[in-house]
2 protein chains.
Amino acid sequence: MKDNDGGAVALDRIDLKILERLQANGRMTNQELADAVGLSASPCLSRVRRMERAGVITGYNTQIALSRICRHVDVVAAVTLKAHGPEDFELFENMVIAMRFVTECTKVSGPIDYLVHFVCPDISAYQMLSDELLLMGPKVGNLSSYIVLKTVKPNQGFALDGLLEQPVR
Amino acid sequence: MKDNDGGAVALDRIDLKILERLQANGRMTNQELADAVGLSASPCLSRVRRMERAGVITGYNTQIALSRICRHVDVVAAVTLKAHGPEDFELFENMVIAMRFVTECTKVSGPIDYLVHFVCPDISAYQMLSDELLLMGPKVGNLSSYIVLKTVKPNQGFALDGLLEQPVR
DNA sequence: GGTGAAATAGTTTTTAT
DNA sequence: ATAAAAACTATTTCACC
């Protein structure tokens, strides 16, 4: 599911509708999708395939309510490195990428360098992982942990209509 | 896709395998899934439906590479309220839930109350939204904005095998 | 709770516009 | 580039284990 050309991708209104529908339900059949966007099945499918090949659609996921299956803790760590050379960033990033129970990591601007999201079996597992970052990893200057108490608004995709008001034909 | 009973859900090894596969590819066919977990198509489908009804599977999403479609800014705001009564939390949460371009919001422990994730068309749109929270909303004591520069590790689901080592039959 | 066959429904390729 | 039709494949139900 990768065939990037590196450039921007032009989408028309129908492509946008397809993305909106698939964002809300990634498992709908091509038939349902075609009906929803006012196309017959085969052009609808070729549009989806085209967006997959262009790297616009990068994958399909299943949302799991982890709390229904097992106890776990959800923690966000705000990490600041001591040194800020390219090799310091690279070392930290490779460590985080390889780390189990890290579900997501972003590099941010400002006094914090990284936000690292962990989903671990328990606090002691988190304790070990954050220690690993602090002790064994590259020079981590500060690591503040924020335990997630509640998901107020779960991720339900982008407001594509609001984001794409200009470039859509 | 909701038929919760409020209680915990018992899963066996096959259910777990199903979740792992669907987490990696939410659009695989039931046939492929059945083959992957060593079941025939019909029991595989009934397990999936059962987990959907039990609220273990809460939905199917499509990942979109927004940067291939349009310019945008991705910001995480760390918000601390001035007052911490139940009504202050509720007011803030309702505001955030209704807010366009907020893709995700979590309540956290510690000196910060909420992490609010925005994906906006540009910085001026973000400026307006954060002002809305600061000025019109409930008493926001502090709002620090962290612009996302890079996604180091994109969300690829949970390490289910590591999280579920105890309760699986 | 699983299997395998049968009917229904969806996907995908080809062909024509 | 779209649509319709044909061939193929998957989904879903059901009788049986």
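Values in this document were obtained by computation on a predicted structure and should not be read as measured data.

Definitions and cut-offs
Residues numbered from 1 in each chain as written. Chains lettered and ligands numbered in written order. Predicted model: local features only at pLDDT ≥ 70, side-chain atom pairs only at ≥ 80, totals over all residues. Heavy atoms only, no water. Contact = heavy atoms within 4.5 Å. Buried area = accessible area lost by both parts, 1.4 Å probe. Salt bridge = Lys/Arg side-chain N within 4 Å of Asp/Glu carboxyl O. Polar contact = N/O pair within 3.5 Å; in protein donor to acceptor, adjacent residues only side chain to side chain. Helix = DSSP H or I, 4+ residues; strand = E, 2+ residues; numbered from the N terminus. Nonpolar A, V, L, I, M, F, W, Y, C, P; charged D, E, K, R; others polar. Pairing = 2+ DSSP bridges. Domains from an automatic or database assignment. Axes fitted to C-alpha atoms, helices over the stretch in contact; angles between N-to-C directions. Parallel < 35°, antiparallel > 145°, perpendicular 65-115°, else oblique. Left-handed = near helix turned anticlockwise from the far one by under 90°. Near = heavy atom within 4 Å. Buried < 20%, exposed > 50% of the residue type's maximum accessible area, 1.4 Å probe, protein only. Phe/Tyr/Trp six-rings, centres within 6.5 Å; stacked < 30°, edge-to-face > 60°. Lys NZ or Arg CZ within 6 Å of the ring centre and 35° of its normal. Least-squares fit on C-alpha atoms with pLDDT ≥ 70 in both.

Draft legend 1. Structural detail: the interface of chain A and chain B. Each side of the interface is counted separately: chain A has 76 residues, and chain B has 76 residues. When chain A packs against chain B, the two sides together hide about 6,900 Å² of surface, and 57% of this comes from carbon and sulfur. Broken down residue by residue, the surface that chain A buries against chain B is led by Arg27(A), Arg68(A) and Lys153(A), which jointly contribute 13%. Between Lys150(A) and Glu93(B) there is a salt bridge whose closest N-O contact spans 2.5 Å. Summed over the shared surface of chain A and chain B, the result is 45 residue pairs in polar contact (both at pLDDT 80 or more). Looking at the side of chain A that touches chain B, the elements with two or more residues in it are α1 (13-24), β1 (57-64), α4 (86-98), β3 (102-108), β4 (114-120), β5 (140-153) and α6 (160-163) of chain A. The class makeup of the residues in the side of chain A that touches chain B is 42 nonpolar, 23 polar and 11 charged. With 4 bridges connecting them, β5(A) and strand β3 (residues 102-108) of chain B associate as antiparallel partners. By the bridge assignment for β3(B), Lys153(A) is matched with Cys105(B).

Draft legend 2. Fine view of the domain arrangement of chain A. Here chain A is partitioned into domain 1 (13-62) and domain 2 (66-147). Between domain 1 of chain A and domain 2 of chain A, the C-alpha centre-to-centre distance is 35 Å.

Draft legend 3. Layout of the packing of α4(A) against helix α5 (residues 123-136) of chain A. Residue and element names in this part refer to chain A. Close contact between α4 and α5 brings their axes to 12 Å; oriented N to C, the two are set at 155 degrees. Relative to α5, the element α4 is oriented roughly antiparallel. The two elements α4 and α5 cross, and the hand of that crossing is right-handed. For the pair α4 and α5, contact is made by Phe-92, Met-95 and Val-96 and by Glu-132, Leu-133 and Met-136, respectively.

Draft legend 4. Spotlight on the protein's contact with DNA strand D. Around DNA strand D sit Leu39(A), Ser40(A), Ser42(A), Pro43(A), Arg47(A), Thr29(B), Asn30(B), Gln31(B), Ala41(B), Ser42(B), Leu45(B) and Arg49(B), and that is every residue in its neighbourhood. Here a phosphate oxygen of DNA strand D sits 2.7 Å away from a polar atom, N or O, in the side chain of Arg47(A). Take Asn30(B): an N or O atom from its main chain is 2.5 Å from a phosphate oxygen of DNA strand D. When contributions to the surface near DNA strand D are tallied by element, the ones reaching two or more residues are α3 (41-53) of chain A together with α2 (30-37) and α3 (41-53) of chain B. The element best represented in the surface near DNA strand D is α3(B), accounting for 4 residues. Counted by class, the surface near DNA strand D contains 4 nonpolar, 6 polar and 2 charged residues.

Draft legend 5. Spatial organisation of the protein's contact with DNA strand C. What surrounds DNA strand C is the set Thr29(A), Asn30(A), Gln31(A), Ala41(A), Ser42(A), Leu45(A), Arg49(A), Ser40(B), Ser42(B), Pro43(B) and Arg47(B). Counting only atoms of DNA strand C within 4 Å of the protein, the sugar-phosphate share comes to 70%. A distance of 2.9 Å separates a phosphate oxygen of DNA strand C from a polar atom in the side chain of Ser40(B). Broken down by secondary-structure element, the contributors of at least two residues to the surface near DNA strand C are α2 (30-37) and α3 of chain A together with α3 of chain B. In terms of residues, the surface near DNA strand C owes the most to one element, α3(A), which gives 4 residues.

Draft legend 6. Main features of unusual backbone geometry. All names here are of chain A. Non-glycine residue Phe-101 carries a positive phi angle of around 75 degrees. For Phe-101, the position within the fold is in the loop between α4 and β3. In this structure Phe-101 comes out as buried when scored by relative accessible area, which is 11%.

Draft legend 7. Looking closely at the packing of aromatic side chains. Applying the stated rule across the entire model yields 6 aromatic pairs over all chains. Ring centres of Phe89(A) and Tyr114(A) lie 6.2 Å apart, and the angle between their planes is 70 degrees; on these two criteria the pair is classed as edge-to-face. In this pair, Phe89(A) sits in helix α4 while Tyr114(A) sits in strand β4, placing the two residues 25 residues apart along the sequence. For the pair formed by Phe89(A) and Tyr114(A), the shared burial category is buried. Here the basic side chain of Arg27(B) rests over the ring of Tyr60(A), its NZ or CZ set 5.5 Å away from the ring centre.

Draft legend 8. Summary view of the environment of Glu32(A). Structurally, the position occupied by Glu32(A) is in helix α2. A sequence separation of 33 residues divides Glu32(A) from Ala65(A), and the C-alpha atoms of the two residues are 26 Å apart.

Draft legend 9. Examining the relation of the copies chain A and chain B more closely. Mapping chain A onto chain B calls for a rotation angle of 180 degrees and an axial translation of 0.0 Å; the resulting RMSD is 0.1 Å. The superposition operator between the copies reduces to a two-fold rotation axis. Most of the interface of chain A is mirrored in chain B: 100% of its interface residues are interface residues there too.

Draft legend 10. A look at the sheet that holds strand β4 (residues 114-120) of chain B. Pairing within the closed barrel is antiparallel, and its 8 strands lie in the order β2(A)-β4(A)-β3(A)-β5(B)-β2(B)-β4(B)-β3(B)-β5(A). Neighbour to neighbour, the strand axes of the sheet diverge by 35 degrees on average, direction disregarded.

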